[in-house]
Amino acid sequence: MKNEYEDNDHFLKEISGASAKGLGRTMVLDRLAPGTLEAVRLLPEFVHTVKIGWGLPMLLNRKKLEHRVRELRSAGVDVSNGGTMMELAASKGKHGLVLEQLMHSNFNSIELSEGVVELHRSVKRDIAEFAHSNGMKLSVEVGRKNPRNQLSLEGTVEKINEALELEPDTVIIEGRETGRSVEIFDDAGEIKWDWVERICEVCPQDKLMFEAPQEKQQTELILHLGKTVNLGNVSVQSIGALATQRLGLRGGYARRQDRQRAYFRKSCIPIYLSSSY
């Protein structure tokens, strides 16, 4: 006879009133380091996309890359490239070659970005059309990587609107691997809430993903935007910690939630969490 608690989602509901279903999407950064596959297989319901970042796919021969992607996808997650590789290829007119390589290596998600190289609109349309026509998911990342060459808030809004014209599955807000000095993060890694508010006004939250590599940033975004907020550039080591934050299973979480709600009620910042807790 099956124990009803063999279903961990049922167990979560019984103990905490929470469910693994209906949470925001989590994108994990794969650095080709040991332990990634094991972590994803252990908690597959809390990982939605694994991004093999930077130009790392080009370091592996075709057979090894296909094996890596196949192993990740067998866990039920999407696998994406990092946008920088596509930018560099596009700057040399080689984006078509990279797109074909990704498709034949069984990637099922394409990331398009302009963090280093600004791309012509026709190139971005080509990449988007390739993804759509081949049944691949499309993510468009907004933001620059150089801390000394950042977009203004309204510049970010303009780029988000351009991204939405490409009909992506996800619009990602750049956060890099450090979570500092880029887009919604200041030099200390603190969140600029006026930026978050403005970005949430122009992009549907179900399409929007904030890269937030630091666990403190993840916690604050969940407290502010709710458990359905989509978060990216999460380290392999933080998968479980992030899941417990979304589910309210961390010590002191409820007290922080109450304090955070009180803070936002007193401020001019709206809370987008009416149905998220």
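Above this text you will find the structure in question.
Not measured: the values here are computed from a predicted model.

## Description of the overall build of the protein
On a plain count of helices and strands, the protein comes out with eleven helices and eight strands. Split by element, the accessible area of the protein, about 13,400 Å² in all, is 50% carbon and sulfur.

## Details of the pairing of strand E6 (residues 170-173)
Of the two faces of E6, the one holding Thr-170 and Ile-172 and the one holding Val-171 and Ile-173 are both buried throughout. Note: strand E5 (residues 137-142) against E6, four bridges, orientation parallel. Considered in E6, the bridge of Val-140 is made with Val-171. For the crossover that starts at E5, traverses helix H7 (residues 153-164) and ends in the parallel E6, the hand is right-handed. In terms of handedness, the path from E6 via helix H8 (residues 193-202) over to strand E7 (residues 208-211) forms a crossover that is right-handed.

## Concerning the pattern of salt bridges
Oppositely charged side chains may form a pair once their charged atoms are brought near each other. Tallied over the full model, the rule gives 20 salt bridges. With a closest N to O distance of 2.2 Å, Glu-71 and Arg-41 form a salt bridge. Here Glu-71 is found in helix H3 (residues 62-73), whereas its partner Arg-41 is found in helix H2 (residues 36-42), with 30 residues between them in sequence. Residue classification places Glu-71 among the partly exposed residues on the basis of a relative accessible area of 22%. You can call Arg-41 partly exposed: its relative accessible area is 42%. With its nearest N and O atoms 3.4 Å apart, the salt bridge here joins Glu-114 to Lys-159. Of this pair, Glu-114 sits in the loop between strand E4 (109-112) and helix H6 (121-133) while Lys-159 sits in helix H7, and the two are 45 residues apart along the sequence. What emerges from the salt-bridge pattern is a single network uniting Glu-114, Glu-118, Arg-121, Lys-124, Lys-159, Glu-162 and Glu-165.

## Brief notes about the environment of Arg-121
Inspection of the secondary structure puts Arg-121 in helix H6. Spatially, the C-alpha atoms of Arg-121 and Glu-162 are 9.0 Å apart, while their sequence positions differ by 41 residues. Aside from chain neighbours lying at most four places away, what touches Arg-121 is Glu-162 and Glu-165.

## Brief notes about the nonpolar core
One finds Ile-110, Ile-173, Ile-184, Val-196, Phe-210, Leu-221 and Leu-231 to be the most contacted residues of the largest nonpolar core, which totals 71 residues. Top contributing element to this core by residue count: H8, with six residues. Excluding anything up to four places from it in sequence, Phe-210 contacts Ile-173, Ile-184, Val-196, Ile-199, Cys-200, Leu-221, Leu-225, Val-229, Asn-230, Leu-231 and Gly-232.

## Observations regarding the packing of aromatic side chains
This structure, assessed with the given rule, holds zero aromatic pairs. Above the plane of the ring of Trp-195 lies Lys-192, whose end atom (NZ or CZ) is 4.0 Å from the centre.

## Details of the environment of Ile-110
With respect to the helices and strands, the residue Ile-110 is situated in strand E4. For the pair Ile-110 and His-132, spaced 22 residues apart in the sequence, the C-alpha separation amounts to 9.8 Å. Contact partners of Ile-110, with chain neighbours within four places excluded, come to Ser-80, Asn-81, Met-86, Leu-99, Leu-102, Ile-127, Ala-131, Met-136, Lys-137, Leu-138 and Ser-139.

## Points about unusual backbone geometry
Phi is positive for Arg-176, which is not a glycine, with a value near 55°. In this fold, Arg-176 is placed in the loop between E6 and H8. One non-glycine residue, Ser-181, adopts positive backbone phi at about 60°. Along the chain, Ser-181 turns up in the loop between E6 and H8. By relative accessible area, Ser-181 is classed as buried at 18%.

## Brief notes about the pairing of strand E2 (residues 49-52)
Burial of E2 is two-sided: the residues Thr-49 and Lys-51 facing one way and the residues Val-50 and Ile-52 facing the other way are all buried. Handedness of the crossover joining strand E1 (residues 26-30) and E2 through H2 is recorded here as right-handed. By the bridge criterion, four bridges tie E2 to strand E3 (residues 78-81) in an arrangement that is parallel. Its bridge partner lying in E3, Lys-51 is registered against Ser-80. On the question of chirality, the crossover connecting E2 to the parallel E3 by way of H3 is right-handed.

## A look at the side chain of Ser-139
Within the fold, Ser-139 resides in strand E5. Of the residues examined, Ser-139 reaches a relative accessible area of 10% and is grouped as buried. Leaving out residues up to four positions away in the same chain, Ser-139 has contacts with Ser-109, Ile-110, Glu-111, Leu-112, Thr-170 and Ile-172.

Scoring rules and cut-offs
- Residues numbered from 1 in each chain as written.
- Predicted model: local features only at pLDDT ≥ 70, side-chain atom pairs only at ≥ 80, totals over all residues.
- Heavy atoms only, no water.
- Helix = DSSP H or I, 4+ residues; strand = E, 2+ residues; numbered from the N terminus.
- Areas by Shrake-Rupley, 256 points an atom, 1.4 Å probe, with all protein chains shown as cover.
- Buried < 20%, exposed > 50% of the residue type's maximum accessible area, 1.4 Å probe, protein only.
- Pairing = 2+ DSSP bridges.
- Right-handed = clockwise from strand over helix to strand, strands pointing away.
- Salt bridge = Lys/Arg side-chain N within 4 Å of Asp/Glu carboxyl O.
- Contact = heavy atoms within 4.5 Å.
- Core = buried A, V, L, I, M, F, W, Y, C linked by side-chain atoms within 4.5 Å.
- Phe/Tyr/Trp six-rings, centres within 6.5 Å; stacked < 30°, edge-to-face > 60°.
- Lys NZ or Arg CZ within 6 Å of the ring centre and 35° of its normal.

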